[in-house]
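# Commentary on secondary and tertiary structure
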Amino acid sequence: DTGVSQDPRHKITKRGQNVTFRCDPISEHNRLYWYRQTLGQGPEFLTYFQNEAQLEKSRLLSDRFSAERPKGSFSTLEIQRTEQGDSAMYLCASRLLSMGPTLLWYYGYTFGSGTRLTVV
Amino acid sequence: GIQVEQSPPDLILQEGANSTLRCNFSDSVNNLQWFHQNPWGQLINLFYIPSGTKQNGRLSATTVATERYSLLYISSSQTTDSGVYFCAVERRFPSDSGGSNYKLTFGKGTLLTVNP
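The rules behind each value
- Residues numbered from 1 in each chain as written.
- Chains lettered and ligands numbered in written order.
- Predicted model: local features only at pLDDT ≥ 70, side-chain atom pairs only at ≥ 80, totals over all residues.
- Heavy atoms only, no water.
- Core = buried A, V, L, I, M, F, W, Y, C linked by side-chain atoms within 4.5 Å.
- Buried < 20%, exposed > 50% of the residue type's maximum accessible area, 1.4 Å probe, protein only.
- Contact = heavy atoms within 4.5 Å.
- Buried area = accessible area lost by both parts, 1.4 Å probe.
- Salt bridge = Lys/Arg side-chain N within 4 Å of Asp/Glu carboxyl O.
- Polar contact = N/O pair within 3.5 Å; in protein donor to acceptor, adjacent residues only side chain to side chain.
- Helix = DSSP H or I, 4+ residues; strand = E, 2+ residues; numbered from the N terminus.
- Nonpolar A, V, L, I, M, F, W, Y, C, P; charged D, E, K, R; others polar.

### Thoughts on the nonpolar core
If you look at the biggest cluster of nonpolar residues, it comprises 22 residues, and the most contacted ones within it are B:Trp34, B:Leu72 and B:Val89. Apart from the residues within four sequence positions on either side, B:Leu72 is in contact with B:Ser19, B:Thr20, B:Leu21, B:Trp34, B:Leu46, B:Phe47, B:Ser60, B:Ala61 and B:Tyr85. Grouped together as the second largest cluster of nonpolar side chains are 19 residues, A:Phe21, A:Cys23, A:Leu46 and A:Phe49 included.

### Description of the interface of chain B and chain A
Tallying the contact residues gives 23 residues for chain B and 23 residues for chain A. Both sides together, the interface formed by chain B and chain A hides about 1800 Å², and carbon and sulfur atoms give 47% of it. Applying the counting rule to chain B against chain A returns 1 salt bridge. Two residues, B:Glu90 and A:Arg95, come together in a salt bridge whose shortest N-O distance is 2.4 Å. The interface formed by chain B and chain A includes 7 residue pairs in polar contact (both at pLDDT 80 or more). Counting residues per element, the ones that place at least two in the side of chain B that touches chain A are strand 4 (31–37), strand 5 (43–48), strand 9 (83–94) and strand 10 (100–106) of chain B. Residue composition of the side of chain B that touches chain A, by class: 10 nonpolar, 9 polar and 4 charged.

See below:
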């Protein structure tokens, strides 16, 4: 178990450019989440995947944001035409949900180290 | 949506002191986690504690779900304990496609500084 990996750790980009972040979850985890954290605040939910299906998107995720999780493995988060307000830490998390005969078993979230985006 | 309030917002301790951090939440929750965010931004899972009490070394946590609060205890604090402590609650919410989904909602955190 190597944990949740995110790449890159830091990204500085000019306003208007596109950026893409990658997240590699823990291999046996079937759910993958993206969160965004701004200075002095707790992380806020952006979107999540059950295997390769994107099941929920927050209103925070404007049309300039798109996330994918091909084949239910790693995930990418792309921001098009970046704005200064996009500057934040982007965090990825994964977890395992397993289904028994009558119950769903939930396990805790494991977060990656994040990608710190600065838009200049 | 559910509100998560953490107190105190800031805490300064001398090494060796004990402390209690509190998390109140506004509605029933399915799960609760405590995280420590280190100065490099890494969120480290401390406890997954929807109810009851757990201990891990110098840290312990108690969640009283019926009264909608959780406490994190840090004993004999060390400088490496410095950072932001987040409480996050998970609650079922209806999904756009029908059925239910679960989302983690964070408080604003407690900034802990432990001085040598």
